Amino acid sequence: MSRAPRADAARRSWGEDDSATPILHVDMDAFFASVELLEHPELAGRPVIVGGRDGRGVVSAASYEARAFGVASAMPMNEALRRCPQAVVLPVRHDLYSAVSRRVMSILGEVTPMLERVSVDEAFLDVSGARRRMGSPVVIGRWIRREVHDRVGVPASVGVAATKFVAKLASAHAKPDGLLLIPADATQDFLNVLPVGALWGVGDKSAQALARWGITDVRQLAATEVRRLERILGTAAARQLHDLSHGIDPRPVAPQREEKSVGTETTFFDNITDRDHARRVLLDQAHQCAARLRAGGMRGRVVVLKARGADFTTVTRSRTIAAPTDLARDLFAVVEALFDALPTPGGGFRLLGVRVEGLSRGDDGVQLLLDDDPRRGAPERAADAVRRRWGSGALAPATLLSRPDPTARPDGTDRPRG
């Protein structure tokens with residue numbers, strides 16, 4: 001889910017004409033937390049955080065009740081518990097979320113093959129070819145929300161618009177558990193009421209730079225000449241933001257047919273400038289990737305680091321290793337080396353991600369290096385067994401351990417003070 005700024009003025013009806021709005025963005029509401037509530041219905045209405053327990057690691061997801069206290073994904077867990085000490089903390093269960101995600105994506109696949117899965121909990125659809133069979137885009141969006149709720153039991157929000165960018169903004173403003181249509185001829189009016197921070201690529205630094213020129217909302221940005229924006233933000237950022245401020249987004253929905261990589265990435269609402277914090281995020285992502293590889297019986301030999309700066313310039317660095325691996329220690333060794341060679345962009349990191357490509361089956365008979373020890377993966381595989389029985393919070397890398405608040409209990413409740 002996007003945590004970019006929103007506007008109450010955008011949460012209204014913008015019209016009923018969906019004749020030129022074939023793009024749907026489906027976004028599951030607080031997905032990990034919603035799935036956990038299927039298993040723990042007694043926690044409904046309480047703040048729930050999914051992530052490392054006992055102050056360990058980072059937040060993977062938070063319910064809306066926890067977000068009301070300022071808890072956000074990728075936040076250090078000890079900070080999240082300081083903000084919301086009454087939260088119930090549950091361990092991450094990627095296998096469960098992936099299984100539920102497959103059920104959701106299967107429902108979306110019943111609508112159209114023009115389905116672009118963006119992540120485990122969101123996807124774009126181009127329903128142009130489904131209109132005759134299923135009805136208008138809004139009718140299809142309502143069908144999706146109903147079927148996902150009835151068959152899977154989790155809420156979904158849907159944005160309907162003429163482009164992917166506007167559809168994603170619409171789904172964000174439809175949350176929680178809603179649908180918002182932005183008719184094609186209302187696109188500019190909808191964008192005009194949004195703060196500049198709602199646009200992709202506008203972080204704190206960019207928003208502050210624009211504010212110094214008196215540009216605080218999309219209406220003002222759209223009315224600003226590109227040359228002036230170039231002086232404020234640079235050429236690439238200025239042209240992209242100018243297009244977005246007018247709803248221009250030519251990208252088509254691009255279905256993916258074959259899983260060729262395993263990866264995870266996090267977009268930060270507050271950019272990260274602390275490199276040690278960034279390393280902890282990357283270490284956690286390396287462990288997530290490795291666990292998914294092992295769960296799927298896969299190995300990979302190309303490790304990719306993705307980083308996006310405050311000006312939304314995106315850099316990817318990759319390295320091919322000698323032999324395929326499914327171990328976090330191997331992945332992070334490469335990620336850390338790539339990260340160490342990457343300077344911190346001005347304004348910090350807006351996004352960080354780890355991806356593994358060049359996948360092969362773990363039983364394909366890959367030859368070991370002469371000096372490789374087949375027992376070196378035993379600790380991580382043993383940790384997998386422990387987490388399957390006791391939850392993902394039972395074990396964590398030492399680097400992801402942070403000193404918990406001595407006044408906080410493992411379940412987030414305060415200890416009595418003497």
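As annotated in an unreviewed UniProt entry, the protein carries the name DNA polymerase IV and is attributed to Actinomyces ruminicola. As recorded by UniProt, the Subunit (unreviewed entry) comment attached to the protein reads in full: "Monomer." What UniProt states about the protein under its Sequence similarities (unreviewed entry) heading is, verbatim, "Belongs to the DNA polymerase type-Y family."

(A) Molecular detail of the packing of helix H13 (residues 275-295) against helix H14 (residues 328-340). Between H13 and H14, whose axes approach to 9 Å, the crossing angle comes to 145 degrees. In terms of crossing hand, the pair formed by H13 and H14 is right-handed. Side by side, H13 and H14 meet where Arg-275, Ala-278, Arg-279, Leu-282, Leu-283, Ala-286, His-287, Cys-289, Ala-290, Leu-293 and Arg-294 of the first sit next to Ala-328, Leu-331, Phe-332, Val-335, Glu-336, Phe-339 and Asp-340 of the second. Here the contact of H13 with H14 is composed, by residue class, of 12 nonpolar, one polar and five charged.

(B) Geometry of the environment of Gly-70. With respect to the helices and strands, Gly-70 occurs in the loop between helix H2 (64-67) and helix H3 (77-83). A relative accessible area of 26% means that Gly-70 is categorised as partly exposed. Spatially, the C-alpha atom of Gly-70 lies 6.7 Å from that of Arg-83, the residues being 13 residues apart in sequence.

(C) Structural context of the sheet that holds strand S7 (residues 156-161). Within the open sheet, the five strands sit side by side as S5-S6-S1-S7-S8. Their pairing is mixed. Edge positions in the sheet fall to strand S5 (115-119) and strand S8 (179-181), since each has one partner strand and no second. The mean inter-strand angle of the sheet, taken between neighbouring strand axes irrespective of direction, is 15 degrees. Taken together, the three bridges between S7 and S8 define a ladder with parallel strand orientation. If you follow Val-160 over to S8, its bridge partner there is Leu-181.

(D) Quick peek at the packing of aromatic side chains. As enumerated under the stated definition, the model contains five aromatic pairs in all. Consider the rings of Phe-165 and Trp-200, whose centres lie 4.9 Å apart with planes at 70 degrees: the pair is edge-to-face. In this pair, Phe-165 is assigned in helix H7 (residues 164-174) and Trp-200 in the loop between helix H8 (187-192) and helix H9 (204-212), connecting sequence segments 35 residues apart. Aromatic ring contacts, followed pair by pair, group Phe-31, Phe-32 and Tyr-97 into a single cluster.

(E) Geometry of the environment of Leu-37. Secondary-structure assignment places Leu-37 in helix H1 (residues 31-39). The class of Leu-37 is partly exposed, set by a relative accessible area of 28%. Separated by 116 residues in the primary sequence, Leu-37 and Gly-153 place their C-alpha atoms 9.6 Å from one another. Beyond its immediate chain neighbours, meaning those up to four positions away, Leu-37 contacts Leu-43, Ala-44 and Val-48.

(F) Broad picture of H7. Buried residues dominate H7, accounting for 11 of its 11 residues. Here H7 has its buried residues at Lys-164, Phe-165, Val-166, Ala-167, Lys-168, Leu-169, Ala-170, Ser-171, Ala-172, His-173 and Ala-174.

(G) Just the UniProt feature "site: Substrate discrimination" (unreviewed entry) in the protein, in detail. With numbering matched to this structure, UniProt assigns "site: Substrate discrimination" (unreviewed entry) to Phe-32. Locating Phe-32 in the fold gives a position in helix H1.

(H) Structural detail: the pairing of strand S1 (residues 23-28). Burial of S1 is extensive: six of the six residues sit out of reach of the surface. Both S1 and S7 contribute to a ladder of six bridges, which runs antiparallel. Bridging from a neighbouring strand, Asp-27 pairs with Ser-157 of S7. The pairing of S1 with strand S6 (residues 122-126) spans five bridges and is classified as antiparallel. Across the sheet, residue Ile-23 finds its bridge partner in S6, namely Asp-126.

What counts and what doesn't
Residues numbered from 1 in each chain as written. Predicted model: local features only at pLDDT ≥ 70, side-chain atom pairs only at ≥ 80, totals over all residues. Heavy atoms only, no water. UniProt positions renumbered as here; feature names shortened; annotations may be inferred. Axes fitted to C-alpha atoms, helices over the stretch in contact; angles between N-to-C directions. Helix = DSSP H or I, 4+ residues; strand = E, 2+ residues; numbered from the N terminus. Left-handed = near helix turned anticlockwise from the far one by under 90°. Contact = heavy atoms within 4.5 Å. Nonpolar A, V, L, I, M, F, W, Y, C, P; charged D, E, K, R; others polar. Buried < 20%, exposed > 50% of the residue type's maximum accessible area, 1.4 Å probe, protein only. Pairing = 2+ DSSP bridges. Phe/Tyr/Trp six-rings, centres within 6.5 Å; stacked < 30°, edge-to-face > 60°.

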